[in-house]
Each structure stands twice: as structure tokens, then as C-alpha cells.
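# Fold and contact review
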Amino acid sequence: MKKVFEAAADMVLPAVVFLAIVLILVGAALFDRIGKRMETQGEDFSQMPDSQTVEGLCQRQAPVIQMIGKKRWDTGEIISIAKVFAAADAEGNKVGITVLDITDLNGDSAMAYYQKEAGQAVFPTRGVYTFSLSAIDGQRKRGTGRFSVLVDAK
């Protein structure tokens, strides 16, 4: 009886797997045909005012940040972010700048030298410092930039 059961199990298990694979393939082909025959009427939202507004906002250019001040500073000299960097939106209007990070030549953070309330940085040691800046316009479009300044001894 045990040998009969083993022989039947050896035949039944592959048959079940084969049937499952055949059913999956037939079902996929059947659903594909049914899907091709179904016609659904959809609405074209591309001409609606809301869609056009969102599309216009998505295509809007991000604010551009530029360095307008000098690139070489003396140690202990005050670097005012508003006087050294400027940002403008797509229409050319000025937008505020946020300092995300300041790093030295080794990649270490130098944010301890930045005074957020005053918007100024004072570097006591010489080196190359990289400012990571961000500007956001009235439509919440964000522009970023990285600028390096050289701080040297007097």
C-alpha cells in the first residue's frame, strides 16, 4: 500500500503543478483578451483649469542662486550672506536664501561659525569653506546651490 501511495504521489504532485501553470497562462491570456475588448470612456482632464495650473507650476523654473560678493575673505572678517549671495525666482524677483550647511575642505561641518539670526559667518581660521544654500519662491519651488569661499590670513 505504501508503494502505491508513493507512486500516486509522484504522479499527482507534478500533475497539480502542471495544471496550476496551465491555468495561470490561460487566465492571463483570457484576461488580456477581455481587457482589449472593454472600451471605457474616460474624461480628458488636461484641458481643465486646475490641470493647467498644476502643469504650469511643475514646469516653473527653480530659483537661481548666485554669488555676487567677493570670493576671498580675511580671517575674522564678517561674511554677510545677504551681501555675498543673491537668489531670484523665474520672474526675476528676489527671494530669501537659507544656509543648509557650511563645510570645510575636509568635509567637516563649520556651522559653528555661522550666526543664523544675523545671517553672518565669521571664520577664525584660514581655509576653503563651502556654503550649501537653498532658496524657495512664492510657489514653493526650491533651488539649491553650493559655493566655495577662500578665507586667508590678513
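Preceding block: the structure.
Anyway, here's the lowdown on the structure attached to this text.

Procedures and definitions
Residues numbered from 1 in each chain as written. Predicted model: local features only at pLDDT ≥ 70, side-chain atom pairs only at ≥ 80, totals over all residues. Heavy atoms only, no water. Helix = DSSP H or I, 4+ residues; strand = E, 2+ residues; numbered from the N terminus. Rg over C-alpha atoms; globule rule 2.2 N^0.38 Å. Contact = heavy atoms within 4.5 Å. Areas by Shrake-Rupley, 256 points an atom, 1.4 Å probe, with all protein chains shown as cover. Phe/Tyr/Trp six-rings, centres within 6.5 Å; stacked < 30°, edge-to-face > 60°. Buried < 20%, exposed > 50% of the residue type's maximum accessible area, 1.4 Å probe, protein only. Polar contact = N/O pair within 3.5 Å; in protein donor to acceptor, adjacent residues only side chain to side chain. Pairing = 2+ DSSP bridges. Core = buried A, V, L, I, M, F, W, Y, C linked by side-chain atoms within 4.5 Å.

## Considerations on the overall build of the chain
Helices and strands together make up the secondary structure of the chain, namely three helices and ten strands. The order of helices and strands in the chain, counted from the N terminus, is α-α-β-β-β-α-β-β-β-β-β-β-β. The C-alpha radius of gyration of the chain comes to 32 Å, more than 25% above the 15 Å expected for a compact globule of 154 residues. In terms of overall dimensions, the chain has C-alpha extents of about 100 × 55 × 20 Å along its principal axes. Considering only contacts in the chain between residues 6 or more positions apart, those separated by 24 or more positions represent 56%. By element, 58% of the accessible surface of the chain is carried by carbon and sulfur atoms, the whole surface being about 11,600 Å².

## Focus: the packing of aromatic side chains
Applying the stated rule across the entire model yields six aromatic pairs. Between Phe 85 and Phe 131, the ring centres sit 5.4 Å apart and the planes meet at 55 degrees, which makes this aromatic pair tilted. In this pair, Phe 85 sits in strand β4 (residues 85–88) while Phe 131 sits in strand β9 (residues 127–136), placing the two residues 46 residues apart along the sequence. Here Phe 85 falls in the buried class, since its relative accessible area comes to 2%.

## Focus on the side chain of Ser 134
For Ser 134, the location among the structural elements is in strand β9. Polar side-chain contacts of Ser 134 include one of 3.0 Å to the side chain of Arg 142. Not counting chain neighbours up to four residues away, the residues in contact with Ser 134 comprise Ile 65, Gly 96, Ile 97, Thr 98, Leu 100, Arg 142, Gly 143 and Thr 144.

## With respect to the sheet that holds β4
Here we have three strands laid out as an open sheet, ordered β1-β4-β5, and antiparallel in their pairing. This sheet does not close on itself; its edge strands, each paired only once, are β1 (64–67) and β5 (94–95).

## What to know about the nonpolar core
In this structure, Phe 85, Ile 102, Phe 123, Tyr 129, Phe 131 and Leu 133 are the most contacted members of the largest nonpolar core, which totals 22 residues. Every element with two or more residues in this core is listed here: β1, α3 (81–84), β4, β6 (97–103), β9 and β10 (142–152). The greatest single-element share of this core, amounting to four residues, is contributed by β9. Those residues within four positions of Phe 131 in sequence are excluded, and the remaining contacts are Ile 81, Phe 85, Asp 101, Ile 102, Ala 121, Phe 123, Gly 145, Arg 146, Phe 147 and Val 149.

## Notes on the side chain of Thr 130
Locating Thr 130 in the fold gives a position in strand β9. A polar side-chain atom of Thr 130 sits 3.0 Å from a polar atom in the side chain of Ser 148. Excluding residues that lie within four positions of it along the chain, Thr 130 makes contacts with Asp 101, Ile 102, Thr 103, Arg 146, Phe 147 and Ser 148.

Any functional reading would require information that these geometric values do not contain.
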